Amino acid sequence: MSEMTQETVRAPSFGDKVVRVLKAIALMRESPVGMVGAGLVLFWVIMALIAPFAAPYDPNATMIPFQLPGTVAPDGGTFWFGTDLLGRDILSRVMWGAQTVLFYAPLATFCAYTVGIGMGLLAGYKMGWWDTILSRVADIVLSFPVMVLYVIVIAKFGASGINIVIAITFASAPAIMRIVRGLTLDVRARDYIGAAQTRGEGAWFIMLAEILPNVRGPLIVDACLRFGYVTITIGVLGFLGLGLPPPDPDWGGMINENRSMALSFPHMTVIPCIAISSLVLGFNLLADGLREISIKD
Amino acid sequence: MSETYDGPLLEIENLSISYYTRAGEIPAVVDFSLTLNAGESVGLVGESGCGKSTVAMAIMRYMGNNGGIVGGSIKFKGRDMVQLDDEELRKLRGSEIAMIYQEPMAALNPSMTVARQLMEVPITHDGVSEDEAWKRAVQMLADVHLPDPERVMNAYPHQISGGQQQRVVIAMALLSNPSLLLLDEPTTALDVTVEAGIVELIGELAQKFDTALLYISHNLGLMLEVCDRIGVMYSGEMVEEGRVNSIFTWPKHPYTHGLFGCIPLPHSDKNARPLMAIPGQLPLPHQRPQGCNFGPRCRFFGDGRCNAGDIRMDAVTTDEDPDHRVRCIRWNEIDHDEAIPKPDERPPIEIGEPVLIVEDMQKYYEITDNSLKALISGDRIKYVKANESITFKAGRSETVAIVGESGCGKSTFAKVLMGLETTTGGTVTLNNVEIGGLEVGNRTPEQLGSLQMVFQNPNDTLNPSHSVGFQIGRVIKKFGVESDPAKVKQRVFDLLDTVKLPRAFINRKPRQLSGGQKQRIGIARAFAGNPSTVIADEPISALDVSVAAAVTELLMDIQREHKTTLLFISHDLSAVRYLADRVVVMYLGQIMERGTTDEVFAPPYHPYTEALLSAVPIADPQVTKRRIVLEGNLPSVLNPPPGCPFATRCPRKLGDICDRERPPLREVEPRHVIACHIEVEELRKVPPVITVSEDYQKEVEDRLGS
């Protein structure tokens, strides 16, 4: 028997893995809510990607201010979403703004997760002093009003993309650490962790190779939700003038700049608002869909 | 209307139940019929996935949102449960039909006191006042023999022990005086001595309240003790039913027969009469074969007959039991007594020089008491004596069983051996190296590889994220057995061959394996570094009967081949009697008795050994047992009795001396030691707990001799 089966034993090829991932994505069809979410997110991703080619105007070019949506531009084109109070094309700014938010939101989330997962694994696996110290640090950060925290961090280091990432990492990592710590505490009691310890594995191997892959499910769902929060945060920071330095297009910043005209020219603020909320909604629905699928069997 | 009804209490006819999942319709139960009369107790046995719990859920009409009854009827007191609407069902559930689940802690609400949960039943179903409900609840707690019912009433579930919790659940189920009680593995999560108490209680209460019982379990021995009739289920079908005695004495279905071959009984022996596992695996519900579901695993399979079409239940006419029915078309042709192939006899094991020597080992945990009282008295540091003066030797090729209930310190002992904890006194010597104080990080790869462990829970033993090949390969590399990738792979193949799994499993993820297969991979992993000693921590207790038999045999074959010392940690005395050469009985961290298996299982016994032996159900009607039910609970390890640890529950307690002084170690034979205040001569007079009828003993010997 062994001779026969030996022929058929081969490692799964790259193709097999691709097929498996595609099958997992195909499961998404079972959740209409998740599909809507994925569609919204995908829409904005495409917008961000095609902005350099498809945006009708330079987002920072000042043309005729106070144009309503649909006005014909001097060069014969159309301001589909109108222009803002400096005369910039809102459609182009929204498209370029998508690029900003879809670059910084994943980057900030990724950094927050790297730090949060590291802290959570250490606290949950090592326990004892590690846990006490890391948990207390997390408690202190969490007990700070988040907005004040952002203002302090960015006021200290100045407004720039990287500082937004640092501020968001600083504020979100403790919450992620709490989740990872809880999941780790559960997994570390499993027999396979005992087996790894008794074959003399090091702590980092156990944390990264034995524990982390088994807590990924809830973390993926949480990451989707957190994308949404981070999107809002970037918007809020932009609104407060703590986002990207002007004149770069930034949805939050657009709302702030046109705030004074909100009543007479609502389109200037409503359009970036819709952009933010549809992306956040997209992430949240996607997270709901993923959770729904993961609990079904 | 129910007062005038005098037909059978429960009639299930041709019931079929399906679940709807992504993979499509999964038939969980097919063509199931059962009749239950008032006051009768009927058991359903079968391995996991056979549909026995689904039947119980269907009777309650509680099947989640993806299950449904696709055919047949369930009549309770003549009313068809399938037709009832939600309101009518609500009235029936909990008042006429009650259910007891496996996990008492999961059945009780942790945020409500016992009183509130119990009183809810009469208040909701009978509309009585709070005072009346309180009175009834206290009375019922007294009926389930809970000491001090008033105290229990005000306790939260976590404040009482597992056995007490299950008694509370039973009390809750009985409060509305149901006519039918469904018990789904009610004692599986409990220790054997606690189980014995609960089983006795259920029987007594069913008599007292004239309640019919539908008892679901995988434990055939338990069925024999509690049921009038039993039904054996296999792969969604009832394959055999009848009175307990006829099923146990003249089983007609090859599956039922196979099950009995898998259970270690008092007369089975690992050398002369090994267990006979059923070959193959339970088919998945959507891959059931045509005709007889058991066909592919059956030794009597007749092609063209057994797989021709659906097989109906047929009445067995060769015995006096009118209820005996079997789903086998060849039942009348097969003579099971003749057809049993004599299992291969194996030469006895030669036990070599001592490999593991444990001398006076102790493990204390230090805990700091932060209460005000401790602060004032200055007595802040307390010790949990998890292990106290553990002494024994294990030789090469020897199987030493460590027996005890939860909390006896056997897992702590395993942790110390594995280096996850260090001793606080005494010595542990493995291959002439002291390892008691050696943490796992300080052990050499050879030391690590020479002492490995097989874990209890098959679903936990493998990391779900990695392939089988990675997990075994990692061990091989880690222990420095091989480092070249091609050789590592070859070694993984060899190990898969050893545990009798196909080589293609190297790429499988654990979720693609069954419980028994996972446990085999766990064994392969433990033997990867050519260990001299393997600790098996309840390796079969989470497996189904037929799978457990195969895994047990496999483990012993490998052990025999590699001359490995096996430390078998278990609470299952039947398995221990079958495979162990020596037995160590532990209670509250101390050794109560140790000796060879024959010495421990025959008088003189330690009173605790005696109680344990009596508590284990034996699936053989020819065996009679003396019943000893232990009173009280396991004392807390934080505050153990100062004298003999067993004194608080011992039925043979002498008096004050047991409470005050540590019992002396009495050497009955060389290396047979009993820790008890009672003189050995007195203990010798105790009659054996288990007696096999003489005729039967002769019959077994004849059969073996022929």
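Visitor: Looking at this structure, how should I read the sheet that holds strand β14 (residues 381-395) of chain B?
Guide: Within a sheet, adjacent strands bond to each other through the backbone by hydrogen bonds, running parallel or antiparallel. Residues and elements named next belong to chain B. Taken together, four strands build an open sheet; the order of strands is β14-β13-β16-β17 and the sheet is antiparallel. Both edges of this open sheet fall to β14 and β17 (433-434), since each of them pairs with a single strand only. Across 11 bridges, strand β13 (residues 354-368) lies against β14 in antiparallel orientation. Residue Thr 368 lies in a different strand from β14, and its bridge partner there is Ile 381. In the packing of helix α14 (residues 410-418) onto the sheet, the strands contacted are β13, β14 and β16 (425-430), and the crossing angle to β14 comes to about 70°.

Visitor: Mind showing me how you'd approach the packing of helix α17 (residues 468-478) of chain B against helix α18 (residues 485-498) of chain B here?
Guide: Pairs of packed helices are described in terms of their axes, by the angle between the two and the distance that separates them. Residue and element names in this part refer to chain B. At a minimum axis distance of 9 Å, the contact between α17 and α18 shows a crossing angle of 115°. The angle between α17 and α18 falls in the class roughly perpendicular. For the pair α17 and α18, the sense of crossing is right-handed. Note on element contacts: α18 touches α17 through Val 488, Arg 491, Val 492 and Leu 495, opposite Gly 469, Ile 472, Gly 473, Ile 476 and Lys 477. When the residues that make up the contact of α17 with α18 are grouped by side-chain class, the tally is five nonpolar, two polar and two charged.

Visitor: How should I be thinking about the confidence of the model for chain B in this particular structure?
Guide: Keep in mind that low pLDDT regions are not for reading the predicted coordinates in detail. Per-residue confidence for chain B gives a mean pLDDT of 84; residues scoring 70 or more make up 97%. With a pTM of 0.82, the predicted complex shows an ipTM of 0.79.

Visitor: Is there a simple way to think about the interface of chain A and chain B in this case?
Guide: Between chain A and chain B, the residue contacts involve 20 residues of the former and 29 residues of the latter. If you list the elements that add at least two residues to the side of chain A that touches chain B, you get α1 (2-8) and α8 (191-198) of chain A. In terms of residue count, α8 of chain A provides more of the side of chain A that touches chain B than any other element does, six residues in total. Counted by class, the side of chain A that touches chain B contains six nonpolar, nine polar and five charged residues.

Visitor: For this particular structure, what's the right way to read the packing of helix α4 (residues 90-126) of chain A against helix α10 (residues 216-239) of chain A?
Guide: All names here are of chain A. Contact geometry of α4 with α10 gives a least axis separation of 9 Å together with a crossing angle of 125°. By the criterion of interaxial angle, the relationship of α4 to α10 is oblique. For α4 against α10, the interelement crossing comes out right-handed. Contacts between α4 and α10 involve Val 101, Tyr 104, Ala 105, Pro 106, Ala 108, Thr 109 and Tyr 113 from the first element and Ala 223, Arg 226, Phe 227, Val 230, Thr 231 and Ile 234 from the second. In the contact of α4 with α10, the residues fall into 10 nonpolar, two polar and one charged.

Visitor: Whenever I open this one, the confidence of the model for chain A confuses me. Can you help?
Guide: Across chain A, the average pLDDT comes to 84, with 95% of residues at 70 or higher. Counting contacts from residues 1-7 of chain A, a segment whose pLDDT is below 50, to residues more than four positions away or on other chains yields six contacts.

Visitor: I would appreciate a short explanation of the nonpolar core in the present structure.
Guide: Nonpolar side chains tend toward joint burial in soluble globular proteins. Grouped together as the largest cluster of nonpolar side chains are 266 residues, with contacts concentrated most on Ala 171, Leu 214, Phe 568 and Val 584 of chain B. The biggest single contributor to this core is α4 of chain A, with 18 residues.

Visitor: What should I look at first to understand the pairing of strand β9 (residues 229-234) of chain B in this one?
Guide: All names here are of chain B. In terms of burial, β9 is largely enclosed, as six of its six residues are buried. Burial along β9 is two-sided: Arg 229, Gly 231 and Met 233 facing one way and Ile 230, Val 232 and Tyr 234 facing the other are all buried. Taken together, the six bridges between β9 and strand β10 (residues 237-243) define a ladder with antiparallel strand orientation. Among the inter-strand pairings, Val 232 is bridged to a residue of β10, identified as Glu 240. What sits between the antiparallel neighbours β9 and β10 is a turn of two residues, in which Ser 235 has the positive phi angle 50°.

Visitor: For this particular structure, what's the right way to read the environment of Gly 241 of chain A?
Guide: In this structure, Gly 241 of chain A sits in the loop between α10 and α11 (251-257). Note: C-alpha distance between Gly 241 of chain A and Glu 257 of chain A (16 residues apart in sequence) is 9.2 Å.

Visitor: I'm lost on the sheet that holds strand β11 (residues 314-315) of chain B in this one. Help?
Guide: Residues and elements named next belong to chain B. Pairing in this open sheet of eight strands is mixed, and the strands run β6-β7-β8-β3-β9-β10-β12-β11 from one edge to the other. Edge positions in the sheet fall to β6 (97-100) and β11, since each has one partner strand and no second. Of the strand pairs in this sheet, strand β7 (residues 180-184) and strand β8 (residues 212-217) are connected by five bridges, and their pairing is parallel. Counted as the bridge partner of Asp 184 is Ile 216 from β8. Relative to the sheet, helix α7 (residues 162-174) contacts β6 and β7, its axis offset from that of β6 by approximately 175°.

The rules behind each value
Numbers given to residues run from 1 along each chain, matching the order in which its sequence is written. Chain letters and ligand numbers both follow the written order, the letters beginning at A and the numbers at 1. Since the coordinates come from a predicted model, pLDDT governs what is reported: local features require at least 70, and pairs of side-chain atoms require 80 or more to be given and counted, while whole-chain, interface and lining totals use all residues. When DSSP finds two or more bridges between two strands, those strands count as paired. For helices the rule is a DSSP run of H or I covering at least 4 residues; for strands it is a run of E covering at least 2, with both sets numbered from the N terminus onward. Two residues qualify as being in contact provided that their C-beta atoms, derived from the backbone, are within 7 Å of each other. For every element, the axis is a line fit to its C-alpha atoms; helices are fit only across the contacting stretch, and the angle between N-to-C directions ranges from 0 to 180 degrees. Oblique is the label for any angle not under 35 degrees, not over 145, and not in the 65 to 115 range, which are roughly parallel, roughly antiparallel and roughly perpendicular in turn. Two helices cross in a left-handed way if the nearer one is turned anticlockwise from the farther one by less than a right angle. They cross in a right-handed way if the turn is clockwise. Each residue gets one label: Ala, Val, Leu, Ile, Met, Phe, Trp, Tyr, Cys and Pro are nonpolar, Asp, Glu, Lys and Arg are charged, and the others, such as Gly, are polar. The predictor reports its confidence for every residue as pLDDT, a score running from 0 up to 100. Core membership is restricted to buried Ala, Val, Leu, Ile, Met, Phe, Trp, Tyr and Cys residues, and these are joined into a nonpolar core through C-beta atoms within 7 Å. With C-beta atoms placed from the backbone, a residue is buried if 20 or more other C-beta atoms are within 10 Å of its own, exposed if 12 or fewer are, and partly exposed between those counts.

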